Amino acid sequence: MNFEYYIANKISSGKSDDYARPVVRISYISIALGLALMIISVAVVIGFKHSISSKIIGFASHLQIVPFDNNESFEQHPLDVSGDYIQNLKNNPAIAHYQFSAHKAGVLKTNDQIQSVVLKGVGADFDQTFFNEIMVAGKFPAVDSSEKTDEVLISKLMADKLNLKTGDDVRVWFVSSLDAAARGRKFFISGIFNTSIEEFDNVFLVGDIRH
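All values reported here derive from a predicted model rather than from experimental measurement.

1. Observations regarding the nonpolar core
Across soluble globular proteins, nonpolar side chains show a tendency to be buried alongside one another.
Okay, step 1: If you look at the biggest cluster of nonpolar residues, it comprises 17 residues, and the most contacted ones within it are F59, F131, F140 and L153.
Okay, step 2: Listing elements by their share of this core, those giving two or more residues are β2 (114–122), α4 (129–134) and β7 (204–208).
Okay, step 3: Apart from the residues within four sequence positions on either side, F131 is in contact with F59, F126, F140, L153, F193 and V206.
Okay, step 4: Listed in part, the 16 residues of the second largest apolar core include L108, L119, V172 and F187.

Spelled out as structure tokens, the structure:
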């Protein structure tokens with residue numbers, strides 16, 4: 001017979017001394033509470049992991065194809081997508097959707113504050129489902145229109161920090177390696193989103209890739 005089972009059976013049989021019974025009951029309660037806390041903790045961690053993963057995938061994608069280089073900045077080198085490359089993506093049954101995007105770092109300036117930002121340029125092929133779910137005000141920029149739009153999305157974190165709201169105009173300055181002078185672009189805030197992930201909310205604007 002298992003030794004631990006034998007001891008437990010003797011204690012819980014009711015034949016033990018009276019002083020041992022409260023101890024046994026307390027042990028039952030302690031074990032039950034400990035197991036309950038462990039189950040709750042695991043459930044919270046799994047739920048948190050799923051929430052973070054879905055937001056990262058929604059903001060970016062399951063897979064990103066970028067040029068092979070040592071560039072670690074937000075601005076990546078262009079990727080050549082000519083030839084049969086795109087057709088191969090279209091014909092791949094494992095790919096549900098693909099889209100193009102581009103990043104450009106800059107400085108957002110208001111009347112009294114500045115903020116370093118990265119403009120994430122997207123086009124008509126961009127899947128807006130995730131952003132429509134996390135939008136707290138306004139609408140997604142009209143990137144599917146025939147003309148280039150000056151509308152951008154801004155995060156709630158950045159809007160609160162810079163005291164901005166939908167309909168406000170902002171000016172973003174970009175620096176190019178081909179031009180010594182910074183280039184300014186005036187944008188209008190069409191919507192405010194909130195991913196609750198500071199690495200995204202504190203950095204990114206979302207606008208028209210044609211800029």
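Back to the write-up after that little detour.
2. Here we look at the pairing of strand β1 (residues 101–109)
Okay, step 1: Here β1 pairs with β2 via 9 bridges, running antiparallel. By the bridge assignment, V107 is partnered in β2 with S116.
Okay, step 2: The turn joining β1 and β2, which pair antiparallel and follow one another in sequence, is formed by 4 residues.
Okay, step 3: Note that β1 and strand β5 (residues 169–176) share 4 bridges and pair antiparallel.

Calculation notes
- Residues numbered from 1 in each chain as written.
- Predicted model: local features only at pLDDT ≥ 70, side-chain atom pairs only at ≥ 80, totals over all residues.
- Heavy atoms only, no water.
- Core = buried A, V, L, I, M, F, W, Y, C linked by side-chain atoms within 4.5 Å.
- Buried < 20%, exposed > 50% of the residue type's maximum accessible area, 1.4 Å probe, protein only.
- Helix = DSSP H or I, 4+ residues; strand = E, 2+ residues; numbered from the N terminus.
- Contact = heavy atoms within 4.5 Å.
- Pairing = 2+ DSSP bridges.

The values are spatial; any link to function lies outside them.
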